[in-house]
Structures are given as C-alpha cells and as structure tokens.
Amino acid sequence: MSDKKIILIGYSGHAYVVLETLLENGYEVIGYFEKEKNDNDPFNLPYLGFEKNQNFIDFDKNIAFVIGIGDNNLRQNVAGFIESKGKRVQTVINDSALISKSAIVDNGSFINKRVVVNALAQIGKNVILNTGCIIEHECILEDGVHIAPGAVLAGNVNVGRNTFIGANAVIKQGVVIGNDVIIGAGTVVISNIPDGKKIVGNPGRII
C-alpha cells in the first residue's frame, strides 16, 4: 500500500482543511468520494464516486483513505465502513504540530496546524484536533472526539466517545467528560460532565 497516495472521503468544509495538510505533507490525493460530484471544486480533484454504491470498485485499489468529515457520528460510521472493506484510514498530522514522543495517536485521526499534544496523552481513533488546540499531559481522548480551534485541555482530562469541544473552550485539569457531549465555544468546564449533555458558559452549565 502506498503511504503517499490518498483518497479523500468528503469534499467540503472540514475536508478542505484536511486536504491542505495532505498536500503540504507531500501526499498525492488522487480524488474524493461523495454521494454526488460537487459543483464547487476549489482544488480540482477528480470525483471517484460514492463509496456505498453497489457497483463501487475503488476498494480494489492499493491506496489508503482519509476522512474529511467534521460530524463525529458520521465520521465514525464512515471509518467503520472503510475498515469493513479491509482498508486503512490514514492518520494525518500537520508538520507544524508538536506531538510528544510519549503520546499515542490512533488510526484515522487528524491533527491540524500548531496543535500541541503533551506527554503521555492518548488520542483515540478518528479524532480531530483542530487548529492550535492544546492537549496537555496524560489526557485521554476516546474515539470520534472533535476538539475545535484554540481549545485547551489541562492535564489528566478524559473525554468520552464522539464528544465535541468548541473553539477556545477551557477544560480544568482532571475533569471527566462523558460520551456524546457538546461543549460550546468559549465554555470553561470545571467539573465532570455526564453523557449526552450540552454545556455553555463560564463556568459551564448544562442547557
């Protein structure tokens, strides 16, 4: 399998950010998958079809895949489908990110420009660490998490599956955040959050 040839899944919004990092890191993006060909094609990528069509044949190619989908649940579902076909979802890390040698980053995750991941942090599968966020020492992010630009997780924070943490949010050290939580932009979280809650404000409150 070529480590430098990639098929992009999704081609709008977040996918443009992923695509720029792929190009900056020297990958050859041979095209994209979507339900339909996009009218807006800012990077002049070939349309390869929709991966779930019955007559789809591109899974025969010896090429890895990258997911450019911001929605946590959809990204996880697509990753599971790709892996069910025996294919690999590539991890992509921007060259400007600072990742501790003792940190662990699992398959399919995307780490954007100027992200910092510090000592002994654990990043799960299909996680997005967006522009300039900080993941401090010993944080644990489970699969499908999305950390938005500028958010800061202090040390020993645990974040459950498919949780979204908004831009410039701050999470106090040692806080445990459940699965499927949404934390609004600029929120300051100082206590644990159960599964499925929506949190806003400073200090953060459930809405």
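Our subject in this report is the structure included herewith. Here the structure is a predicted model, which means the values were calculated and not measured.

## Some thoughts on the environment of Asn-44
No. 1: Within the secondary structure layout, Asn-44 lies in the loop between β2 (28-33) and β3 (63-67).
No. 2: It is 8.9 Å that separates the C-alpha atoms of Asn-44 and Gly-31, two residues lying 13 residues apart in sequence.

## Thoughts on the environment of Leu-120
No. 1: Considering the arrangement of structural elements, one finds Leu-120 in the loop between β8 (116-117) and β9 (122-123).
No. 2: Each C-alpha atom, one on Leu-120 and one on Glu-136, is 8.7 Å from the other, the two residues being 16 residues apart in sequence.
No. 3: The residues touching Leu-120, leaving out its near neighbours within four places in the chain, are Ser-100, Ser-102, Ala-103, Glu-138 and Cys-139.

## Comments concerning the sheet that holds strand β12 (residues 140-141)
Neighbouring strands of a sheet are bound in pairs by backbone hydrogen bonds; such pairs are parallel or else antiparallel.
No. 1: If you walk across this open sheet you meet the five strands as β6-β9-β12-β15-β18, and the pairing is parallel. Bordering the open sheet on either side are β6 (104-105) and β18 (176-177), each of which pairs with just one other strand.

## So, helix α1 (residues 14-24)
No. 1: Every buried residue belonging to α1 is among His-14, Ala-15, Val-18, Leu-19, Thr-21 and Leu-22, and all of these are buried. Projected onto a plane normal to the axis of α1, the buried residues spread over an arc of 160° and lie on a single side.
No. 2: Where α1 ends, the next residue or the one after it, Gly-26, has phi of about 85°, a positive value.

## Thoughts on empty space enclosed by the protein
If a probe as big as a water molecule is rolled over the atoms, it shows which places are left empty.
No. 1: Per the stated rule, a full pass over the model turns up one cavity of 30 Å³ or more.
No. 2: Val-66, Ile-67, Arg-75, Gln-90, Val-92, Gly-108, Ser-109, Phe-110, Val-127 and Ile-128 together form the lining of the largest cavity.
No. 3: Grouping the amino acids of the lining of the largest cavity by side-chain chemistry returns six nonpolar, three polar and one charged.

## Here we look at the nonpolar core
No. 1: Ranked by size, the top nonpolar core spans 29 residues in total, and within it Leu-129, Ile-135, Leu-141, Ile-147, Leu-153, Ile-165 and Ile-183 carry the most contacts.
No. 2: For Ile-135, the contacting residues outside a window of four places in its chain are Val-116, Val-117, Asn-118, Ala-121, Ile-123, Leu-129, Leu-141, Ile-147 and Leu-153.

## A few points about unusual backbone geometry
No. 1: Of the consecutive residues Asn-202 and Pro-203, the connecting peptide bond is found in the cis state with omega at -5°.
No. 2: Relative to the helices and strands, Pro-203 resides in the loop between β21 (198-200) and β22 (205-206).
No. 3: A positive phi is found at Asn-44, a non-glycine position, where the angle reads about 55°.
No. 4: If you check the backbone angles, Asp-180 has positive phi at about 55° while not being a glycine.

## So, the sheet that holds β8
No. 1: Spatially, the six strands line up as an open sheet ordered β5-β8-β11-β14-β17-β20, and their pairing is parallel. Strands at the two margins of the open sheet, each flanked by one partner only, are β5 (98-99) and β20 (188-189).
No. 2: Bridging between strand β11 (residues 134-135) and strand β14 (residues 152-153) involves two bridges; their strand directions are parallel. Residue Ile-134 lies in a different strand from β14, and its bridge partner there is Val-152.

## Comments concerning the environment of Gly-132
No. 1: Checked against the element boundaries, Gly-132 lands in the loop between β10 (128-129) and β11.
No. 2: Linking Gly-132 and Gly-166, residues 34 residues apart in sequence, is a C-alpha distance of 12 Å.
No. 3: When neighbours within four sequence positions are excluded, Gly-132 is seen to be in contact with Lys-113, Arg-114, Val-115 and Gly-150.

## Re the side chain of Thr-21
No. 1: Along the chain, the position of Thr-21 falls in helix α1.
No. 2: Judged by relative accessible area, which is 0%, Thr-21 ranks as buried.
No. 3: Not counting residues within four places of it along the chain, the set of residues in contact with Thr-21 comprises Val-92, Ile-93, Asn-94, Phe-110, Asn-112 and Lys-113.

Reading guide: rules and limits
Residues numbered from 1 in each chain as written. Predicted model: local features only at pLDDT ≥ 70, side-chain atom pairs only at ≥ 80, totals over all residues. Heavy atoms only, no water. Helix = DSSP H or I, 4+ residues; strand = E, 2+ residues; numbered from the N terminus. Contact = heavy atoms within 4.5 Å. Pairing = 2+ DSSP bridges. Buried < 20%, exposed > 50% of the residue type's maximum accessible area, 1.4 Å probe, protein only. Arc of directions from axis to C-beta. 1 Å grid on protein atoms, 1.4 Å probe; cavity = no way out; pocket = protein on both sides within 12 Å on 5 of 7 lines; lining within 4 Å. Points joined across faces, edges and corners; volume = space filled by probe spheres on them. Nonpolar A, V, L, I, M, F, W, Y, C, P; charged D, E, K, R; others polar. Core = buried A, V, L, I, M, F, W, Y, C linked by side-chain atoms within 4.5 Å.

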